[in-house]
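Each chain is listed here by its residues.
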Amino acid sequence: EPEVTQTPSHQVTQMGQEVILRCVPISNHLYFYWYRQILGQKVEFLVSFYNNEISEKSEIFDDQFSVERPDGSNFTLKIRSTKLEDSAMYFCASSANIFGYTFGSGTRLTVV
Amino acid sequence: AQSVSQHNHHVILSEAASLELGCNYSYGGTVNLFWYVQYPGQHLQLLLKYFSGDPLVKGIKGFEAEFIKSKFSFNLRKPSVQWSDTAEYFCARVPKAGKSTFGDGTTLTVKP
C-alpha cells in the first residue's frame, strides 16, 4: 500500500536554528498538508497546499513557517527560527480525493 | 466552523470488556468521518472511515463505528478489548480536500 514518507523521524535542534522537515507524498496525490501534535494535545492543522500554492493555513502557521514543493516529489516544512514551543510531532499528509487521505509516520522535533 | 468532540478523555477497561468511545460532529457540510489510532510512540493509523451508505462501518483490528445522523454521532466500538488496544483514539472530520478537524482524543488504557 502506498505510504507517505517523512524524514527524519527525530530531529533535535537548538533554539533559533532553522529546521526543514521533509515529506514524500504519495505519487498521484495532489493535495498536501502539515499537521502537528504537541505532546499530550490534539492534532492541529497547520497548512494545506495545492497547485503549488498554499490553499489554507491556520493561525499557528505564522511567518516563521513556510512550505515548498521544490522538485515535484518532496514537500517540505521550514521553520526559520525555532522556539521551544515548536517542539512537537509534525505529520505530513496527502490526498488525491477523500479516499486517499494518508498520514505519514511523523517527525518528532525537539527544540533545546 | 466544523468541529468534532470526543467526550471521554480517558477510559480504563479490563481485558475482554466492551468498548464504546463517543464522537460527535457539528452540523453542516459534507460529513466524512474517520477514526484514527495512535499507539505509544507511533504515528496515526487509520482504523475506519465513513463517507456514505451503510452507517455501520467495520474497520481493522475488530473495531466498528456507527454513523447516526439524528444524533450527529460516530461512536467507535469493539466487543472485547485486548491489552494491545491501549492507545490514543482520535475522531476526525475529513473533507475532500483541505484541513481535517480532529477531536481532542481519548486515551484508552486496557488492564491485563
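Below, the structure is looked at part by part. (Residues numbered from 1 in each chain as written. Chains lettered and ligands numbered in written order. Predicted model: local features only at pLDDT ≥ 70, side-chain atom pairs only at ≥ 80, totals over all residues. Heavy atoms only, no water.)

**Observations concerning the pairing of strand 7 (residues 65–68) of chain A**
So, point 1. Where strand 7 of chain A and strand 8 (residues 75–79) of chain A come together, 4 bridges link them in antiparallel fashion. Pairing of A:Glu68 across the sheet is with A:Thr76, part of strand 8 of chain A. (Pairing = 2+ DSSP bridges. Helix = DSSP H or I, 4+ residues; strand = E, 2+ residues; numbered from the N terminus.)

**What about the packing of aromatic side chains?**
Residues and elements named next belong to chain B.
So, point 1. With the rule as written, the count across this model stands at 21 aromatic pairs over all chains.
So, point 2. Relative to Phe51, the ring of Phe34 lies with its centre 6.0 Å away and its plane at 85°, an arrangement referred to as edge-to-face. Residue Phe34 is located in strand 5 (residues 33–38), and its partner Phe51 is located in the loop between strand 6 (44–50) and strand 7 (56–58); the two are separated by 17 residues in the primary sequence.
So, point 3. By relative accessible area, which is 21% here, Phe51 ends up partly exposed.
So, point 4. Taking the centre distance of 5.6 Å and the plane angle of 45° together, the rings of Phe63 and Tyr89 count as tilted. Residue Phe63 is found in the loop between strand 7 and strand 8 (64–68), and its partner Tyr89 is found in strand 10 (residues 87–93); the two are separated by 26 residues along the sequence. (Phe/Tyr/Trp six-rings, centres within 6.5 Å; stacked < 30°, edge-to-face > 60°. Buried < 20%, exposed > 50% of the residue type's maximum accessible area, 1.4 Å probe, protein only.)

**Let's talk about the pairing of strand 8 of chain B**
All names here are of chain B.
So, point 1. In terms of strand pairing, strand 7 meets strand 8 through 3 bridges, oriented antiparallel. Counterpart to Lys58 in the pairing with strand 8 is Glu64.
So, point 2. Taking the residues between adjacent antiparallel strands as the criterion, strand 7 and strand 8 are bridged by 5 residues, where Lys61 takes a positive phi near 60°.
So, point 3. When strand 8 meets strand 9 (residues 73–78), the two strands line up antiparallel, connected through 5 bridges. Within strand 9, the position partnered with Ile68 by the bridge is Ser73.

**Observations concerning the interface of chain B and chain A**
Many analyses report the size of an interface as the accessible area lost when the parts associate.
So, point 1. Contacts between chain B and chain A engage 19 residues on the former and 17 residues on the latter.
So, point 2. Taken together, both faces of the contact between chain B and chain A bury some 1,700 Å²; the carbon and sulfur share is 64%.
So, point 3. Taken together, chain B and chain A are joined by 4 residue pairs in polar contact (both at pLDDT 80 or more).
So, point 4. Among the elements of the structure, strand 5 and strand 6 of chain B are those that each provide at least two residues to the side of chain B that touches chain A. (Contact = heavy atoms within 4.5 Å. Buried area = accessible area lost by both parts, 1.4 Å probe. Polar contact = N/O pair within 3.5 Å; in protein donor to acceptor, adjacent residues only side chain to side chain.)

**So, the side chain of A:Thr82**
Residues and elements named next belong to chain A.
So, point 1. Turning to its location among the elements, Thr82 is positioned in the loop between strand 8 and strand 9 (88–95).
So, point 2. On the basis of relative accessibility, which here comes to 1%, the residue Thr82 falls in the buried class.
So, point 3. Of the polar contacts made by the side chain of Thr82, one reaches the backbone oxygen of Gln14; its length is 3.2 Å.
So, point 4. In this view, Thr82 contacts Thr13, Gln14, Met15, Gly16, Gln17, Val19 and Val111; residues no more than four positions away in its chain are not counted.

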